[in-house]
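# Descriptive structure summary
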Amino acid sequence: MAHRFVQISRDKLEELKEAFDKIDIDNSGYVSDYELQDLFREASYSLPGYKVREIMDAFSAGDTNKDEKISFDEFVSVYQELKSKELSETFRKTITRRDGIRSFGGMSEISSEGTQHSYADEEKVAFVNWVNKALAKDSDCSHLLPMNPENDSLFTSVRDGILLCKMINLSQPDTIDERVINTKKITHFKMTENLVLALNSASAIGCTVVSIDAHDLMAGKPHLVLGLLWQIIKVGLFADIEISRNEALISLLLEGESLEHLMSMSPEELLLRWVNYHLQNAGTTPINNFSEDIKDSRAYFHLLNQIALHEEGLYKKSIQIDMSGLNERNLTQRAELMLQQAARLDCRQFVSPHDVTSGNSKLNLAFVANLFNMHPSLQKANLNMDMAHIEGETKEERTFRNWMNSLGVSPHVNHLYWDLNDGVIILQLLEKVKVPVNWRRVNRPPYPLLGGNMKKLENCNYAVGLSKDVARFSLVGVGGENLNEGSSLHTLALVWQLMRRYTVMVLSDLGDGEKVADHIILNWVNSTLTEKKKSTQIKSFRDPLISTSLPVFELIDAIAPGAVKWDLVKQVERGMMPEDDKMDNAKYAVSLARKIGARVYALPDDLVEVNPKMVLTLFACLMGHGLRKANH
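Let me begin by describing the structure that accompanies this report. The numbers attached to residues start from 1 for each chain and follow its sequence in the written order. Side-chain atom pairs in this predicted model are given and counted only at pLDDT of 80 or more, local residue features only at pLDDT of at least 70, and totals for whole chains, interfaces and linings cover all residues. As a rule here, side-chain values come from all non-hydrogen atoms in the structure, and water together with hydrogens is ignored.

## Regarding the overall build of the protein chain
Per the convention used, a helix needs a DSSP run of H or I reaching at least four residues, while a strand needs a run of E reaching at least two, with both numbered from the N terminus. Across its full length, the protein chain carries 26 helices and five strands. Buried residues in the protein chain amount to 53% of all 632 residues. Throughout, a residue-residue contact means that at least one pair of heavy atoms, one from each residue, lies within 4.5 Å. Pairs at least 24 residues apart make up 61% of the contacts formed inside the protein chain by residues separated by at least 6 positions. The method behind every accessible area is Shrake-Rupley, applied with a 1.4 Å probe, and residues are considered shielded solely by the protein chains displayed. If you sum the accessible surface of the protein chain, you get close to 29,700 Å²; carbon and sulfur atoms cover 50% of it. Using a 1.4 Å probe on the protein chains alone, a residue whose accessible area is under 20% of its type maximum counts as buried, one over 50% counts as exposed, and one in between counts as partly exposed.

Listed below in structure tokens is the structure:
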């Protein structure tokens with residue numbers, strides 16, 4: 001008699017994904033056969049070598065691609081089969097619901113055909129409640145809100161793209177010029193335009209959208225909708241959890257710790273440090289995570305009490321947190337009592353009592369981030385240090401960082417220099433611009449305490465060597481040690497050439513594979529404008545006329561006739577255009593470029609200031625889009 005097939009819990013699924021991502025260092029979505037044993041070990045399911053070889057033999061027999069690579073879904077399938085003590089033929093292909101996890105689609109044997117995807121019901125509920133509150137007063141969303149968290153209305157509500165565009169602007173204000181969003185007489189075409197705008201804008205703020213298109217969102221595919229929405233929400237939640245934007249975070253410095261180390265920490269690490277700062281002040285036990293350690297609500301009660309006690313000047317009257325809930329023995333009821341106290345601080349968002357007691361790490365992270373944003377309760381540190389050198393990232397650095405994250409590099413890049421100093425991200429980017437990387441040569445984190453930096457330096461030397469010898473980048477005076485030391489000048493020189501190659505790569509694909517020089521893009525822009533009988537021409541990517549955005553509008557109109565609403569475009573009068581009008585035009589132009597399908601990372605400021613690097617990428621993206629349209 002067949003054994004019952006083991007159902008993987010949501011927490012276990014997240015653990016498996018985390019293990020997979022650690023081994024899938026190049027973020028290709030696959031691990032190789034020789035990495036499988038490491039993967040199982042990372043997933044706390046160690047297997048002897050002979051057993052792994054048996055699995056690979058069974059896998060190879062059903063591997064239609066014969067590429068000896070395993071996707072995450074295939075790994076989950078193998079894991080389930082091992083846990084079930086037998087090979088299972090198929091999953092049920094109907095939607096099922098067990099333990100808060102919904103599954104849909106099917107998976108045949110260990111093949112990736114008919115991949116099964118899962119999503120957590122509680123995440124859908126949390127996101128619906130957050131969106132309902134965030135956009136409650138937005139008249140453009142009145143036809144969608146409030147959504148019912150008990151049904152699947154979220155997945156149909158994203159179809160017209162309006163909700164996603166609004167959430168992007170909520171997380172990163174002014175990313176989308178709202179004049180570009182189609183809000184009236186929504187046709188299928190206008191919905192698609194909005195979704196393209198949303199995806200390209202999400203990419204520009206660092207969301208990974210490489211595996212999502214407008215059709216997926218139109219179809220309301222649950223795992224893709226929730227994945228994108230979580231990324232957008234997280235960008236907003238984490239926006240101010242960064243020292244240059246919130247100097248009070250310096251209070252979290254530990255004795256003997258350097259400021260550089262604190263500045264290199266991720267938002268998740270800073271949030272954990274922040275919670276423990278308040279728990280220490282409360283004289284109670286610190287936590288190590290937002291899953292197991294918060295299940296009994298004790299840490300949350302003490303955190304709420306601390307931030308209510310120490311908040312300065314924000315309350316008209318003080319709020320006394322009722323701590324009696326700590327005496328409640330039933331953990332679910334205790335979590336409910338704790339959330340009632342959070343509600344008094346207007347922070348009962350993202351988690352239900354069950355999400356606390358089950359240790360849903362994603363939703364608890366969001367809950368804590370919202371608490372921090374509303375009530376940080378940190379006093380500005382009176383430390384003897386020069387605060388002048390705490391500089392926020394430049395717009396160019398942020399653009400590069402968002403570009404990297406949008407491509408799905410792993411780990412996530414929070415700081416452009418510190419997060420690139422082991423060479424691993426650079427190597428992933430090289431592979432994305434079609435430079436072959438031998439990953440067997442790459443040292444992978446975690447690095448040993450002794451000799452760890454040497455391992456990082458080896459990676460950096462390899463990355464610089466590939467950049468010079470294979471990619472043929474111009475890197476005079478740039479060595480692996482410069483990346484390893486976090487030198488901004490040298491790192492930017494390499495990153496810019498990676499981004500430029502990525503941006504123009506599509507142009508080479510559309511042509512004969514020749515290297516696309518700047519003058520080819522410039523000539524295409526001017527010849528397209530001439531061909532469409534436009535009066536504008538640009539002399540170079542430094543042409544002062546670009547600051548008005550008029551050449552961009554003319555080019556967009558040439559590529560996508562009717563896309564530009566000319567009554568919204570400010571014109572030059574008496575040879576002059578005020579700076580406010582230039583910025584108004586630039587915001588409209590960048591959003592319009594994204595709306596017609598160009599994945600533009602440049603910012604409006606880049607047009608106004610005529611930043612030649614970013615101006616080049618914008619015109620290259622428009623050229624790629626124009627050529628694709630012409631070829632189709």
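## Thoughts on the packing of helix H22 (residues 518-531) against helix H23 (residues 550-559)
Two elements in contact, H22 and H23, have axes separated by 9 Å at closest approach and are oriented at 65 degrees. Classified by the angle their axes make, H22 and H23 are roughly perpendicular. Considering only the axes of H22 and H23, their crossing is left-handed. Residue-level inspection shows Trp524, Val525, Thr528 and Leu529 of H22 in contact with H23, the latter providing Pro551, Glu554, Leu555, Ala558 and Ile559. Nonpolar residues are Ala, Val, Leu, Ile, Met, Phe, Trp, Tyr, Cys and Pro. Charged residues are Asp, Glu, Lys and Arg, and all others, Gly as well, are polar. Here the residues of the contact of H22 with H23 are counted per class, giving seven nonpolar, one polar and one charged. Between N-to-C directions, angles span 0 to 180 degrees; the directions come from axes that are lines fitted to C-alpha atoms, helices contributing only their stretch in contact. For classification purposes, an angle smaller than 35 degrees is called roughly parallel, one larger than 145 roughly antiparallel, one from 65 to 115 roughly perpendicular, and anything else oblique. In this scheme the handedness of a crossing depends on how the near helix is turned from the far one: anticlockwise by less than a right angle means left-handed, clockwise means right-handed.

## Points about helix H14 (residues 331-344)
In a regular helix each residue adds 1.5 Å, so 14 residues correspond to 20 Å; H14 covers 20 Å between its end C-alpha atoms and thus fits that length. For H14, the complete set of buried residues consists of Arg334, Ala335, Glu336, Met338, Leu339, Gln341 and Ala342. Contacts described as polar in this section are N or O atom pairs within 3.5 Å, which, within protein, must combine one atom able to donate a hydrogen with one able to accept it, while residues neighboring in sequence count only if both atoms come from side chains. Put simply, Asn330 is the residue that caps the front of H14, since its side-chain oxygen is 3.0 Å from the backbone nitrogen of Thr332. Residue Asp346 follows H14 closely and has a positive phi angle near 60 degrees. To estimate the expected span of a helix, count its residues, drop one, and scale the result by 1.5 Å.

## Considering the state of the cysteines
Any two cysteine sulfur atoms lying within 2.5 Å of each other are counted as a disulfide. One pass over the full model with this rule turns up zero disulfides. As a non-bridged cysteine, Cys141 has Cys165 as the owner of its nearest cysteine sulfur, 9.5 Å distant.

## So, unusual backbone geometry
The omega torsion of the bond from Leu145 to Pro146 falls at -5 degrees, within 30 degrees of zero and hence cis. With respect to the secondary-structure elements, Pro146 resides in the loop between helix H5 (121-134) and helix H6 (153-157). A cis geometry characterises the amide bond from Ser410 onward to Pro411, with omega recorded as 5 degrees. Unusually for a residue other than glycine, Arg472 sits at a positive phi of about 60 degrees. Here Arg472 is to be found in the loop between helix H19 (452-469) and helix H20 (480-484). With a relative accessible area of 64%, Arg472 lands in the exposed category. Non-glycine residue Ser549 carries a positive phi angle of around 70 degrees.

## Observations regarding the pattern of salt bridges
When a carboxyl oxygen of Asp or Glu lies within 4 Å of a side-chain nitrogen of Lys or Arg, that pair is called a salt bridge. In this structure the tally under the stated criterion is 22 salt bridges. Residue Lys124 is joined to Asp152 by a salt bridge in which the shortest nitrogen-to-oxygen separation is 3.7 Å. Of the two residues, Lys124 is situated in helix H5 and Asp152 in the loop between H5 and H6; the sequence distance between them amounts to 28 residues. With relative accessibility at 36%, the residue Asp152 sits in the partly exposed group.

## Notes on the packing of aromatic side chains
Pairing of aromatic side chains here covers Phe, Tyr and the six-membered ring of Trp, requires ring centres within 6.5 Å, and sorts the geometry by plane angle: under 30 degrees stacked, over 60 edge-to-face, intermediate tilted. All told, the structure shown has twelve aromatic pairs when counted by the stated rule. One aromatic cluster is present, built from ring pairs that chain together Phe20, Phe40, Phe72, Phe75 and Tyr79. Over the aromatic face of Phe72 sits the side chain of Lys17, whose NZ or CZ is 5.4 Å from the ring centroid. Two limits define a charge over a ring: the Lys NZ or Arg CZ must be within 6 Å of the ring centre, and within 35 degrees of the ring normal. Here Arg441 stacks its cationic end above the ring of Tyr462, 4.0 Å away from the centre of that ring.

## Observations regarding the side chain of His375
One can find His375 in the loop between helix H16 (361-374) and helix H17 (395-406). His375 sits in the buried class, given a relative accessible area of 6%. For His375, the side chain forms a polar contact with the main-chain oxygen of Leu345, separated by 2.9 Å.

## Let's talk about the environment of Asn132
Within the secondary structure, Asn132 sits in helix H5. By relative accessible area, which is 14% here, Asn132 ends up buried. Note: C-alpha distance between Asn132 and Met147 (15 residues apart in sequence) is 6.6 Å. Setting aside residues no more than four positions away along its own chain, Asn132 makes contact with Leu145, Pro146 and Met147.

## Regarding the packing of helix H18 (residues 424-432) against H19
Interaxial distance between H18 and H19 falls to 9 Å at its minimum, and their mutual angle equals 30 degrees. As the angle between them shows, H18 and H19 are arranged roughly parallel. Our pair here, H18 against H19, has a crossing hand that is left-handed. Within the contact between the two elements, H18 uses Val424, Ile426, Leu427 and Leu430 and H19 uses Asn459, Tyr462, Ala463, Leu466 and Ser467.

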